[in-house]
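Here is how the chains run, residue by residue.
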Amino acid sequence: MKRKKIYAIYIVNTLLSLLYLSPLIWMIVSAFKPENRIFADMAKGLTAFIPAQPTFENFKEVFFRSDMLHYIGNSIFYVTILVGLSLVVNSMFGYALAKFEFKGKDLLLTLVLALLVLPIESIMLSLFFIVNKLHWMDSYLALIIPFIAKCFDIYLFRQFFLDVPDELIEAAKIDGASPFRTFARVVVPISKPVFATVFILDFVAYWSDFMWPLLIITDSTKRTVQIGLQTFFTEPPSATAQSWPPSPSPQCR
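Since we're looking at a predicted model, the values are computed, not measured. (Residues numbered from 1 in each chain as written. Predicted model: local features only at pLDDT ≥ 70, side-chain atom pairs only at ≥ 80, totals over all residues. Heavy atoms only, no water.)

*Asks:* Please explain the packing of aromatic side chains as it appears in this structure.
*Replies:* The relation between two aromatic rings is expressed through the spacing of the ring centres and the mutual angle of the planes. Evaluation of the coordinates by the stated rule reveals 16 aromatic pairs. Centroid distance phenylalanine 32 to phenylalanine 59: 5.2 Å. Interplanar angle 50°. Geometry classified as tilted. With phenylalanine 32 in the loop between helix H1 (2–30) and helix H2 (35–38) and phenylalanine 59 in helix H3 (residues 57–65), this pair connects stretches of sequence that are 27 residues apart. The partly exposed category is assigned to phenylalanine 32, whose relative accessible area is 25%. Looking at phenylalanine 59, the relative accessible area reads 35%, which means it is partly exposed. Both rings, one in phenylalanine 160 and one in phenylalanine 161, keep their centres 6.3 Å apart while their planes meet at 75°; by these two values the pair is edge-to-face. On the basis of relative accessibility, which here comes to 0%, the residue phenylalanine 161 falls in the buried class. Among the aromatic side chains, those forming a connected cluster through ring pairs are Tyr95, Phe100, Phe157, Phe160, Phe161, Phe183 and Phe195. (Phe/Tyr/Trp six-rings, centres within 6.5 Å; stacked < 30°, edge-to-face > 60°. Helix = DSSP H or I, 4+ residues; strand = E, 2+ residues; numbered from the N terminus. Buried < 20%, exposed > 50% of the residue type's maximum accessible area, 1.4 Å probe, protein only.)

This is the structure:
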């Protein structure tokens, strides 16, 4: 009886997961359909999830009509640098709040918690004026510098480092290791789960960011992938992109 109950739970969970994933599955399947079949198949029930005439023409059109590869490269470049710097700065800040005793520590922690509930939209206008004053418009500095320190990451690192045994840190100190060496050689190797979590959350968040790059970046050569996707539907093909569909060569006419 207990085994049947477990099987029933697995079946229900599987059906619910398919239900929640169905919009994503539909988008993936639709990407391989001709444009005139995407919405036409929706009236046929489950047929909408089966590409009857799979094609790569939609993907070809995206890369022929725009500099999408360039936009993807821009996003990878700035997001990788931003996440890397964020991991270093926020982990060290969180470690200091968790393991060091210094004047103003409680005040700093209170400030981090207070800023944690402050939405970015509430300071975006002020941040825009600051970036403009610094002449960082249309530069990667404006995409990277303001977001290196992140309160959520600091708090997450602090909570994880609180569970790191003090004995390990004391042993490293007795062996003559400096605080930075202790952090790099002792604490970081046993903190891979929190580093992986922060990396995934930040990479997805910054990769998907649309509003801030839209305000800062006007140079088409520095567009991120999200802006590139938006302009794909609103702007004519770029000068560097090939026309779609490709015009036949004179020899083929």
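*Asks:* Quick question: what am I supposed to make of the packing of helix H8 (residues 151–161) against helix H11 (residues 192–208) here?
*Replies:* Running from N to C, H8 and H11 cross one another at 165°; their axes reach a closest spacing of 10 Å. The pairing of H8 with H11 is recorded here as roughly antiparallel in orientation. As H8 runs across H11, the sense of the crossing is right-handed. Listed contacts from H11 to Phe152, Asp153, Leu156, Phe157, Phe160 and Phe161 of H8 are Val194, Phe195, Thr197, Val198, Leu201 and Asp202. Taken together, the residues that form the contact of H8 with H11 break down as nine nonpolar, one polar and two charged. (Axes fitted to C-alpha atoms, helices over the stretch in contact; angles between N-to-C directions. Parallel < 35°, antiparallel > 145°, perpendicular 65-115°, else oblique. Left-handed = near helix turned anticlockwise from the far one by under 90°. Contact = heavy atoms within 4.5 Å. Nonpolar A, V, L, I, M, F, W, Y, C, P; charged D, E, K, R; others polar.)

*Asks:* Would you mind showing me how to read the side chain of serine 75 here?
*Replies:* With respect to the element layout, serine 75 can be found in helix H4 (residues 68–99). Owing to a relative accessible area of 1%, serine 75 belongs among the buried residues under this scheme.

*Asks:* Honestly, the packing of H4 against helix H5 (residues 105–116) in this entry has me stumped. Any pointers?
*Replies:* For any two helices packed against each other, the geometry comes down to the angle between their axes and how far apart the axes lie. Between H4 and H5, the shortest axis-to-axis distance is 10 Å and the interhelical angle comes to 130°. In terms of orientation, H4 lies oblique with respect to H5. Two packed elements cross with a definite hand, and for H4 against H5 that hand is left-handed. For the pair H4 and H5, contact is made by Phe93, Leu97 and Ala98 and by Lys105, Leu108, Leu109 and Val112, respectively. Of the residues that constitute the contact of H4 with H5, the class distribution is six nonpolar, no polar and one charged.

*Asks:* Explanation requested: helix H10 (residues 179–187) in the structure shown.
*Replies:* Given 3.6 residues per turn, any residue in an α-helix points the same way as the ones three and four places further on. Residues of H10 that are buried: Thr182, Phe183 and Val187. All buried residues of H10 project into a common sector of 100° when viewed along the axis, lining one side. Projecting away from the buried face of H10 at angles above 90 degrees are the exposed residues Phe180 and Arg185. If you follow the buried residues of H10, they end up packed against H4, H8 and helix H9 (166–174). (Arc of directions from axis to C-beta.)

*Asks:* How should I be thinking about the nonpolar core in this particular structure?
*Replies:* If you look at soluble globular proteins, the nonpolar side chains tend to sit buried side by side. By size, the foremost hydrophobic cluster in this structure holds 28 residues, and its most contacted members are Tyr78, Leu82, Phe157, Phe161, Tyr206 and Trp212. When contributions to this core are tallied by element, the ones reaching two or more residues are H4, helix H6 (124–133), helix H7 (140–144), H8, H10, H11 and helix H12 (211–216). In this view, tyrosine 206 contacts Tyr78, Val79, Leu82, Val83, Phe147 and Lys150; residues no more than four positions away in its chain are not counted. Judged by nonpolar contacts, the second largest core, of five residues, contains Leu97, Leu109, Val112 and Cys151. (Core = buried A, V, L, I, M, F, W, Y, C linked by side-chain atoms within 4.5 Å.)

*Asks:* Whenever I open this one, the environment of isoleucine 6 confuses me. Can you help?
*Replies:* Relative to the helices and strands, isoleucine 6 is located in helix H1. With a relative accessible area of 38%, isoleucine 6 lands in the partly exposed category. In the structure, isoleucine 6 is positioned 66 residues away from isoleucine 72 in sequence and 44 Å away in space, judged by C-alpha atoms.

*Asks:* How should I be thinking about the pattern of salt bridges in this particular structure?
*Replies:* A complete count under the given rule lists four salt bridges for this structure. Two residues, lysine 60 and glutamate 57, come together in a salt bridge whose shortest N-O distance is 3.6 Å. One end of the pair, lysine 60, and the other, glutamate 57, are both in helix H3, three residues apart, so they sit about a helical turn from each other. Between lysine 99 and aspartate 166 there is a salt bridge, with its nearest N and O atoms 2.7 Å apart. Residue lysine 99 is located in helix H4, and its partner aspartate 166 is located in helix H9; the two are separated by 67 residues in the primary sequence. Overall, the relative accessible area of 44% leaves aspartate 166 in the partly exposed class. (Salt bridge = Lys/Arg side-chain N within 4 Å of Asp/Glu carboxyl O.)

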